[in-house]
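If you want the building blocks of each chain, they are given just below.
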Amino acid sequence: MTEPHFERDIDRSHMQVSDEVAIQIENMNKWYGQFHVLRDINLTVNRGERIVIAGPSGSGKSTMIRCINRLEEHQSGKIIVDGTELTSDLKNIDKVRSEVGMVFQHFNLFPHLTILENCTLAPIWVRKIPKKEAEETAMYFLEKVKIPDQALKYPGQLSGGQQQRVAIARSLCMKPRIMLFDEPTSALDPEMIKEVLDTMIELAEEGMTMLCVTHEMGFAQAVANRVIFMDQGQIVEQNNPHDFFNNPQSERTKLFLSQILGH
Amino acid sequence: MSTSQTAAFVRKDMLPPKDPPTSQAGLVKWLRENLFASWLNTVLTLASLFVIYLLVTHFYPWFRHSVWNANSIAECRTAIAATWGEGATGACWAMLRERWHQFIFGFYPPELYWRPIAVFLGLLLAVAPVLFTQLPRQMLLFSLTYPLLAIWLLWGGSAWPVIMIAAGFGIGYLALRILGDISAILAVVVAIVAPVLFWLFAVGPLDEVLTKVIPLAIEPVASDRFGGFLLAITIGAGGIALSLPLGIILALGRQSNMFLIKSFSVMFIEFIRGVPLITLLFVASLLLNYFLPPGTNFDIILRVMILVTMFAAAYIAEVIRGGLAALPRGQYEAADALGLDYWKAQRLIILPQALKISIPGIVSTFIGMFKDTTLVTFVGLFDPLKGIPDFIRADFNWKGIYWEPFVFVGAIFFILNFSMSRYAMYLERKLKRDHR
């Protein structure tokens, strides 16, 4: 059992889970053609929760969080985000998307725009915030992720870790109430993983509701209040990190943990 | 006994950078790498030099024997024979001296040449802010009004119909602005329907009244007086300006999830691409009138322009589709995740990148289309490459002149197309955003 490798102490004073429900998923199913990718997913996320979703590749963990902002469509069951149910109604989809931030494995910054423009684009065009105000907000968040001096560069000129931090800042500029992370560190060199995780920890310390698909088990132990293990499109086990890592119940979870933590 | 290095090694000081050896720099290096890199390369270099030598020795005398002052091809031939001896050949540019204006303006009335010249200068002024973003943005206002101004100046006649067309656009814009806050769909519908109704029903009576009150007219020039580069550039510039937006719409339509829009786009593109341009030109000149209400007989240049536009748009749509396909899916997902709707995502994220990738293909299509405007000769218009020279050859004085028109027209086409190609390269360099 490896211990969390974060040197600094984590400030837990704002990490409070409220009773208010942020995301509710009920009996959700999804198919790709004939292939049943997500099977009967039931999940309730309260505001302030920090959930880490783990599992082998192809287990449907990315697909599940991508359903939450409708990047993937579900075929049956209910998904309610912040009181808005996701249906084919475009208004609801836009509303949910502007409340839910997402960070991708491959950053997906817009290469033809500067870092600052990347961060101000959605606030200006979706939230209709004046340009000047949007730029101030963007600079605030860029300072938070510690790259204000790169604001006028283009994404191609930044390192992977810097790009991912910009991607986080870009999402935060929309002042989202929920953040989704889809393997945010999987495409990064080991040296850069830590800078991105640090940014995510700071976010957690401020009480952001977060769902992270990640293989960083150290992060899970340090920050998560709940770990979900998925396999074959189903939620196999969920527990608090301490019990999840030290006392896994299902055979599948034990096998998975022994494989990723065994060396 | 073993020679392998197993001892630990620590570098104490880092090596400073040095200049490369002289044989690896400058002209010597360039020549060796580019012209004499290997035996095969050396042979090819020498063979190419020989071909260049042949071409130059073959064509140079023809240009050197040029005659500029003569009244007929016979005088040219006599002059060449007198100076360079019997059997010498030479260019008879005297024909250009006499007839250059027909290559440029066709049969446009000479006393009205100022109008096409003004239109051409206006074209440069209107295109400049579109091509070079560093110019003041207010210039775009002129670019917007330019097409109607150009139409009026070229064809002449009453200014009122042109002003009415502009007024129709103005009505549409107003509808968009006023209703835009209430409902986007309603605004778009009204912005399309209101101007169309205005053009169909209000323009006729209004035009009559206004012409009586203020007769704002210049001398009309009929389409059959157009010719030469005036015709080629009119059709070419009109086609380029119209086919890019149409091509973008078709490319997006072909990617659409909506079945009808997608099928229509696919059918349009595949049909147009499957048919030779000449066929479409014949449709424009002969068939189109059958499909229109009886009595309508709109201008042949306009008809040709519409079909040339459709032809180019189909190709541009495919070029842009290639650019769209080259974008990683993550770009669409990031735009979606930020809450941008379809049109905003296309306009701000997808198209700027897809069009940038498509620049070489788009410009190739434009250049091809501009050159294809010479095909209008087959529907009886006087294009600069065949229509005008044939007309000049019909004059007894210039009967038998052959290469000179091709060289002259070819040179002008080359200058115009080469400029387009260089501009495209400039644009690609300017839009380059480092490695992505």
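What comes next concerns the included structure.

The rules behind these values
Residues numbered from 1 in each chain as written. Chains lettered and ligands numbered in written order. Predicted model: local features only at pLDDT ≥ 70, side-chain atom pairs only at ≥ 80, totals over all residues. Heavy atoms only, no water. 1 Å grid on protein atoms, 1.4 Å probe; cavity = no way out; pocket = protein on both sides within 12 Å on 5 of 7 lines; lining within 4 Å. Points joined across faces, edges and corners; volume = space filled by probe spheres on them. Helix = DSSP H or I, 4+ residues; strand = E, 2+ residues; numbered from the N terminus. Nonpolar A, V, L, I, M, F, W, Y, C, P; charged D, E, K, R; others polar. Core = buried A, V, L, I, M, F, W, Y, C linked by side-chain atoms within 4.5 Å. Buried < 20%, exposed > 50% of the residue type's maximum accessible area, 1.4 Å probe, protein only. Contact = heavy atoms within 4.5 Å. Disulfide = S-S within 2.5 Å. Salt bridge = Lys/Arg side-chain N within 4 Å of Asp/Glu carboxyl O.

1. Notes on empty space enclosed by the protein
The rolling of a water-molecule-sized probe over the atoms marks out the regions of remaining empty space.
Thought 1: According to the stated counting rule, one finds two cavities of 30 Å³ or more in the structure shown.
Thought 2: Reported here for the largest cavity is a volume of approximately 50 Å³.
Thought 3: Looking at the lining of the largest cavity, the elements with two or more residues in it are strand 6 (100–103) and helix 5 (160–172) of chain A together with helix 13 (329–337) of chain B.
Thought 4: When the residues that make up the lining of the largest cavity are grouped by side-chain class, the tally is seven nonpolar, two polar and one charged.
Thought 5: The computed volume of the second largest cavity comes to approximately 40 Å³.
Thought 6: Lining the second largest cavity are Lys144(A), Val145(A), Leu172(A), Thr199(A), Glu202(A) and Leu203(A).
Thought 7: Sort the elements by how many residues they give to the lining of the second largest cavity and helix 6 (residues 190–205) of chain A lands first, with three residues.
Thought 8: Classifying every residue of the lining of the second largest cavity by side-chain character gives three nonpolar, one polar and two charged.

2. Considerations on the layout of surface pockets
Thought 1: As a volume, the second largest pocket reaches approximately 1,700 Å³.
Thought 2: As for the second largest pocket, its lining consists of 38 residues, of which Leu90(A), Asn257(B), Asp336(B), Asp341(B) and Tyr342(B) are closest to the centre.
Thought 3: In terms of residues, the lining of the second largest pocket owes the most to one element, helix 2 (residues 90–99) of chain A, which gives seven residues.
Thought 4: The residue inventory of the lining of the second largest pocket, partitioned by class, reads 17 nonpolar, nine polar and twelve charged.

3. A short note on the nonpolar core
Thought 1: Core analysis: the biggest nonpolar cluster contains 94 residues, and Ile23(A), Ile53(A), Val81(A), Leu211(A), Phe226(B) and Val304(B) have the highest contact counts within it.
Thought 2: Counting residues per element, this core draws most heavily on helix 12 (residues 300–326) of chain B, which supplies 13 residues.
Thought 3: When neighbours within four sequence positions are excluded, Phe226(B) is seen to be in contact with Gly106(B), Tyr108(B), Leu154(B), Trp155(B), Val221(B), Leu231(B), Ile301(B) and Phe382(B).
Thought 4: Formed by 49 residues, the second largest nonpolar core is a distinct cluster that contains Leu158(A), Met200(A), Met210(A) and Met217(A).

4. A short note on the state of the cysteines
Residues and elements named next belong to chain A.
Thought 1: Following the criterion strictly, the structure yields one disulfide over all chains and no others.
Thought 2: No disulfide involves Cys67; its sulfur sits 17 Å from that of Cys212, the nearest cysteine.
Thought 3: Classification of Cys212 as buried rests on a relative accessible area of 2%.

5. With respect to the pattern of salt bridges
Thought 1: Under the criterion given, the structure shown has 30 salt bridges over all chains.
Thought 2: The partner of Arg99(B) in a salt bridge is Asp395(B), and the shortest N-O contact between them spans 2.4 Å. Of this pair, Arg99(B) sits in helix 4 (residues 94–105) while Asp395(B) is found in the loop between helix 15 (387–393) and helix 16 (403–430), placing the two residues 296 residues apart along the sequence.
Thought 3: Members of the salt-bridge network, linked through shared partners, are Lys30(A), Arg66(A), Glu72(A), Arg329(B) and Glu333(B).

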